[in-house]
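Overview (structure and organization)
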Amino acid sequence: MRFLVILMLLIAVFSCSDEGSEVATDKVEDYYPIDIHTFRLYDVNQITFDLAGSDTSHFQLKEEFIDSIESSSGIKSYLLQRSIREDSTQQWEIDSIWMARYQSAGLVVVENNIAFQKLAFPLLEGTQWNGNAYNNLTNQTYYYQDLDLSEQNEFVTNESIKV
């Protein structure tokens with residue numbers, strides 16, 4: 001009996017591993033986290049095309065969740081303040097205020113008073129949905145592609161890009 005207990009302890013100790021296993025997630029919150037007073041900075045290169053040709057501009061965009069509000073039906077929306085500037089020597093100027101909310105079907109972002117469903121369930125390669133489901137625009141098919149693609153830039157290496 002004593003031998004059996006020792007054998008079971010040895011098996012338990014040697015079967016454990018320090019290597020973590022990747023846990024699949026199906027929560028939109030993991031793909032698009034929303035925390036009040038957190039922000040994202042982007043360096044934007046914008047090319048605008050018209051009949052006269054094209055125009056290229058560069059600016060910085062800051063998106064910051066500044067507050068939340070709750071509707072009478074209990075749905076919590078987050079205010080997303082979008083600010084722009086030419087470069088880091090300039091002050092931020094508020095460009096617009098958007099809203100974002102998690103819903104049972106995914107993530108809805110209201111841009112300039114037009115709601116778009118940006119993410120949907122299930123979070124699987126090939127999942128398709130109508131991004132214009134919450135507005136009156138024509139149907140626009142959104143879909144997931146290359147969910148497990150790795151990406152590296154000068155700031156961070158992502159082993160798996162979620163979206």
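Residues numbered from 1 in each chain as written. Predicted model: local features only at pLDDT ≥ 70, side-chain atom pairs only at ≥ 80, totals over all residues. Heavy atoms only, no water.

1. Side note on the side chain of threonine 127
The cut-off we apply is this: Numbering of helices and strands runs from the N terminus; a helix is a DSSP stretch of H or I covering at least four residues, while a strand is a stretch of E covering at least two. Under this definition, polar contacts are N or O atom pairs within 3.5 Å; protein pairs additionally need one hydrogen-donor-capable and one acceptor-capable atom, and for neighbouring residues in sequence, both atoms have to be side-chain atoms. Residue contacts are counted whenever heavy atoms from the two residues lie within 4.5 Å of one another.
Among the structural elements, threonine 127 can be located in the loop between β6 (114-120) and β7 (128-130). Among the polar contacts made by the side chain of threonine 127, one reaches the main-chain carbonyl oxygen of leucine 124 at a distance of 2.9 Å. Once residues within four sequence positions are removed from consideration, threonine 127 is found in contact with Phe121, Pro122, Tyr142, Tyr143 and Tyr144.

2. Regarding the pattern of salt bridges
Counted only if it meets this: We define a salt bridge as a side-chain nitrogen of Lys or Arg found within 4 Å of a carboxyl oxygen belonging to Asp or Glu. Only protein chains enter the area calculation, which uses a 1.4 Å probe; residues under 20% of their type maximum are buried, those over 50% are exposed, and those in between are partly exposed.
One pass over the full model with this rule turns up three salt bridges. Residue arginine 82 pairs with glutamate 63 through a salt bridge whose shortest N-O separation is 2.4 Å. Placement of the pair is arginine 82 in strand β3 (residues 76-85) and glutamate 63 in strand β2 (residues 53-70), with a sequence separation of 19 residues. Each member of the pair arginine 82 and glutamate 63 is classed as buried.

3. Focus on the pairing of β6
Worth spelling out the cut-off: Should DSSP find at least two bridges between two strands, the strands are taken to pair.
With five of seven residues buried, β6 lies mostly within the body of the structure. Two strands pair when backbone bridges link them, and strand β5 (residues 106-111) and β6 are joined in this way by six bridges, in the antiparallel orientation. Each residue of the ladder has a partner; that of valine 110, found in β6, is alanine 115. Where β5 folds back onto β6 in an antiparallel hairpin, the turn is made up of two residues, including asparagine 112, whose phi is positive at roughly 50°.

4. What to know about the confidence of the model for the chain
Operational definition: For every residue, the pLDDT score states the predictor's confidence, bounded by 0 at the bottom and 100 at the top.
Per-chain confidence: the chain averages 81 in pLDDT, with 74% of residues scoring 70 or above. When pLDDT is averaged over each element of the chain, β3 comes out on top at 96 and helix α1 (residues 2-15) at the bottom at 43. Between residues 1-24, whose pLDDT stays under 50, and residues either more than four places distant or in other chains, the model counts zero contacts.

5. Section: the sheet that holds β3
Keep this limit in mind: For helices, the axis comes from a line fit to the C-alpha atoms of the stretch in contact; other axes are also lines fit to C-alpha atoms, and the angle between any two N-to-C directions lies between 0 and 180 degrees.
Strand order in this open sheet of six strands is β1-β2-β3-β4-β5-β6, and the pairing throughout is antiparallel. Edge positions in the open sheet fall to β1 (39-50) and β6, since each of these has one partner strand only. Each neighbouring strand pair of the sheet contributes to a mean axis angle of 30°, computed without reference to strand direction. Summarising the sheet, strand β4 (residues 93-103) and β5 pair through five bridges and their orientation is antiparallel. Looking across to β5, one finds that arginine 101 is bridged to valine 108.

6. Overview of the environment of threonine 127
Its relative accessible area of 11% is what places threonine 127 among the buried residues. Each C-alpha atom of the pair threonine 127 and tyrosine 142 lies 8.3 Å from the other, and the pair is 15 residues apart in sequence.

7. Side note on the environment of glutamine 81
By the element assignment, glutamine 81 lies in strand β3. Given a relative accessible area of 18%, glutamine 81 falls into the buried group. Each C-alpha atom, one on glutamine 81 and one on aspartate 95, is 7.8 Å from the other, the two residues being 14 residues apart in sequence. When near neighbours in sequence (up to four residues on either side) are disregarded, glutamine 81 contacts Lys62, Glu63, Glu64, Ile66, Ile94, Ser96 and Ile97.

8. Considering the pairing of β5
β5 sits mainly inside the fold: six of its six residues count as buried. Between β4 and β5, which pair antiparallel and follow one another directly, the connecting turn spans two residues.

9. Things to note about unusual backbone geometry
Of all residues except glycine, most have a negative phi; of all peptide bonds, most are trans. Within the chain, histidine 37 stands out as a residue other than glycine whose phi angle is a positive 70°. Relative to the helices and strands, histidine 37 is located in the loop between α2 (28-31) and β1. For asparagine 112, which is not a glycine, the phi torsion comes out positive at approximately 50°. Looking at the element boundaries, asparagine 112 is found in the loop between β5 and β6.

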